[in-house]
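Listed below, chain by chain, are the residues.
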Amino acid sequence: MAPKPNNTEGIVLNFVNEQNRPLNVQNAADSLQKFNLKKAAVQKALDNLCESGKISFKEYGKQKIYLARQDQFDIPDSEELNRMKEENANLQEKLDEQKKAISEVDAEMKSLQSNLTLEEIHAKDSKLRKEVDEMENKLIKLREGVTLVSPEERKAIEGLYSEALNQWRRRKRMFRDVWDAITENSPKNPKEFKEELGVEYDEDVGVNFQSFADLMQHNKKRR
């Protein structure tokens with residue numbers, strides 16, 4: 001039965017019985033703050049309940065541990081305990097099945113959300129058709145010998161390409177000069193030192209400067 005309003009002992013008794021586990025005054029006071037009960041009031045109520053025999057307690061040094069009276073509870077026999085364990089196992093199995101079902105639904109929802117809507121499919125189809133038409137038009141012009149890049153644009157691109165090659169060549173030479181100066185008098189093996197520092201040459205990553213330079217020369221010969 002719920003405790004009456006302003007009935008401190010009733011509130012404390014109800015709490016101790018509901019918890020049905022060992023409690024000290026601090027445990028009780030912390031949990032009963034929602035009733036605006038101070039620790040001193042909780043302590044007094046616990047002592048009064050012990051004196052009236054409504055709850056029990058045990059002393060451990062200077063601390064008292066309060067317990068609900070066990071004779072007020074129906075203690076199940078071994079047969080009932082086994083039945084309860086079996087029922088709990090069945091409930092746990094059902095819970096696991098529900099969790100699995102929820103997980104499958106979540107996965108299906110994520111899969112559906114990742115699919116395109118009909119409107120998005122039409123928009124993508126329209127965009128792809130437009131890109132195909134543009135590429136077919138370029139292909140037709142190429143077959144007809146139409147120049148798609150003006151001489152001015154070609155010259156500007158070749159200038160940028162040539163400048164990039166020059167910068168590449170210059171930086172390779174600068175690095176080689178610095179690297180030779182460092183490793184010349186170093187007791188470490190240059191190859192091991194290179195691996196230790198994480199240095200990579202062009203060749204280490206499959207890049208060859210000469211092939212890019214030859215491409216420039218090949219393009220000039222074609223003209």
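Residues numbered from 1 in each chain as written. Predicted model: local features only at pLDDT ≥ 70, side-chain atom pairs only at ≥ 80, totals over all residues. Heavy atoms only, no water.

K.L.:
Explanation requested: the overall build of the chain in the structure shown.
P.N.:
Scanning the chain for helices and strands turns up eight helices and two strands. Shown N-terminal to C-terminal, the secondary structure of the chain runs as helices and strands in the order α-α-α-β-β-α-α-α-α-α. Against the compact-globule benchmark of 17 Å for 223 residues, the chain has a radius of gyration of 42 Å, which places it well outside the compact range. Over its C-alpha atoms, taken along the principal directions, the chain stretches across nearly 110 × 65 × 40 Å. Of the accessible surface of the chain, which amounts to about 18500 Å², a share of 52% is contributed by carbon and sulfur atoms. Averaging the positions of the 39 positive and the 42 negative side-chain charges in the chain gives two centres separated by 6 Å. (Helix = DSSP H or I, 4+ residues; strand = E, 2+ residues; numbered from the N terminus. Rg over C-alpha atoms; globule rule 2.2 N^0.38 Å. Areas by Shrake-Rupley, 256 points an atom, 1.4 Å probe, with all protein chains shown as cover. Lys, Arg positive; Asp, Glu negative; His and termini not counted. Charge placed at Lys NZ, Arg CZ, Asp CG, Glu CD.)

K.L.:
So what exactly am I meant to see when it comes to the packing of aromatic side chains here?
P.N.:
Any aromatic ring pair is given by two values, namely how distant the centres are and how the planes are angled relative to each other. In total, this model carries four aromatic pairs according to the counting rule given. Ring geometry for W168 against F209: centres 5.0 Å apart, planes inclined by 90°, an arrangement best described as edge-to-face. Residue W168 is located in helix α6 (residues 151-184), and its partner F209 is located in helix α8 (residues 209-222); the two are separated by 41 residues in the primary sequence. Among the residues examined, W168 registers a relative accessible area of 22% and is labelled partly exposed. In this structure F209 comes out as buried when scored by relative accessible area, which is 12%. For the ring pair W179 and F193, a centre distance of 5.6 Å and an interplane angle of 15° mean the geometry is stacked. (Phe/Tyr/Trp six-rings, centres within 6.5 Å; stacked < 30°, edge-to-face > 60°. Buried < 20%, exposed > 50% of the residue type's maximum accessible area, 1.4 Å probe, protein only.)

K.L.:
What am I meant to see in a nonpolar patch on the surface here?
P.N.:
On the surface, a nonpolar cluster with roughly 300 Å² of combined accessible area is contributed by L116, L118 and I121. By the secondary structure assignment, L118 is in helix α5 (residues 118-143). (Patch = residues over 30% accessible without salt bridge, like charges linked within 9 Å, V, L, I, M, F, W, Y side chains within 5 Å. Salt bridge = Lys/Arg side-chain N within 4 Å of Asp/Glu carboxyl O.)

K.L.:
Help me out: how do you make sense of the packing of α6 against helix α7 (residues 190-197) in this one?
P.N.:
Packed helix pairs are specified by the crossing angle of their axes together with the interaxial distance, meaning the distance between the axes. Between α6 and α7, the least distance of the axes is 11 Å, while the angle of their chain directions is 115°. Crossing handedness for the pair α6 and α7: right-handed. Across the interface between the two elements, W179, I182 and T183 of α6 pack against P190, F193, K194 and L197 of α7. In terms of residue class, the contact of α6 with α7 is made up of five nonpolar, one polar and one charged. (Axes fitted to C-alpha atoms, helices over the stretch in contact; angles between N-to-C directions. Left-handed = near helix turned anticlockwise from the far one by under 90°. Contact = heavy atoms within 4.5 Å. Nonpolar A, V, L, I, M, F, W, Y, C, P; charged D, E, K, R; others polar.)

K.L.:
What's the story with unusual backbone geometry in this structure? I'm lost.
P.N.:
Across the chain, the bulk of peptide bonds are trans and the bulk of non-glycine residues have phi less than zero. Positive phi, close to 50°, is recorded for N20, a residue that is not glycine. Position of N20 among the secondary structure elements: in the loop between α1 (8-19) and α2 (25-31). Of note in this structure, N36 is not a glycine but carries a positive phi near 60°. Residue placement: N36 occurs in the loop between α2 and α3 (39-51). Relative accessible area serves as the criterion here: at 67%, N36 is assigned to the exposed category.

K.L.:
Help me understand the UniProt feature "domain: Homologous-pairing protein 2 winged helix" (unreviewed entry) in the chain in this model?
P.N.:
The sites that carry the UniProt feature "domain: Homologous-pairing protein 2 winged helix" (unreviewed entry) are, in the present numbering, residues 7-68. In this annotation, residues 7-68 is assigned 52% helix and 19% strand; the end-to-end C-alpha distance for the span is 18 Å. (UniProt positions renumbered as here; feature names shortened; annotations may be inferred.)

K.L.:
Is there a simple way to think about the packing of α1 against α3 in this case?
P.N.:
In the contact formed by α1 and α3, the axes pass within 9 Å of each other and the chain directions differ by 75°. Of the possible angle classes, the one that applies to α1 and α3 is roughly perpendicular. When α1 is examined against α3, the residues T8, E9, V12, L13 and V16 are found in contact with a partner set consisting of A41, A45, L46, N48 and L49. Of the residues that constitute the contact of α1 with α3, the class distribution is seven nonpolar, two polar and one charged. (Parallel < 35°, antiparallel > 145°, perpendicular 65-115°, else oblique.)

K.L.:
Mind showing me how you'd approach the pairing of strand β1 (residues 55-60) here?
P.N.:
In summary, the side chains of a regular strand alternate between the two faces of the sheet. The sheet contact formed by β1 and strand β2 (residues 63-68) spans six bridges and is antiparallel. Looking at the pairing, E59 lines up with K64 of β2. Hairpin geometry of β1 and β2 is characterised by an intervening segment of two residues between the two adjacent antiparallel strands and by a positive phi of about 70° at G61. (Pairing = 2+ DSSP bridges.)

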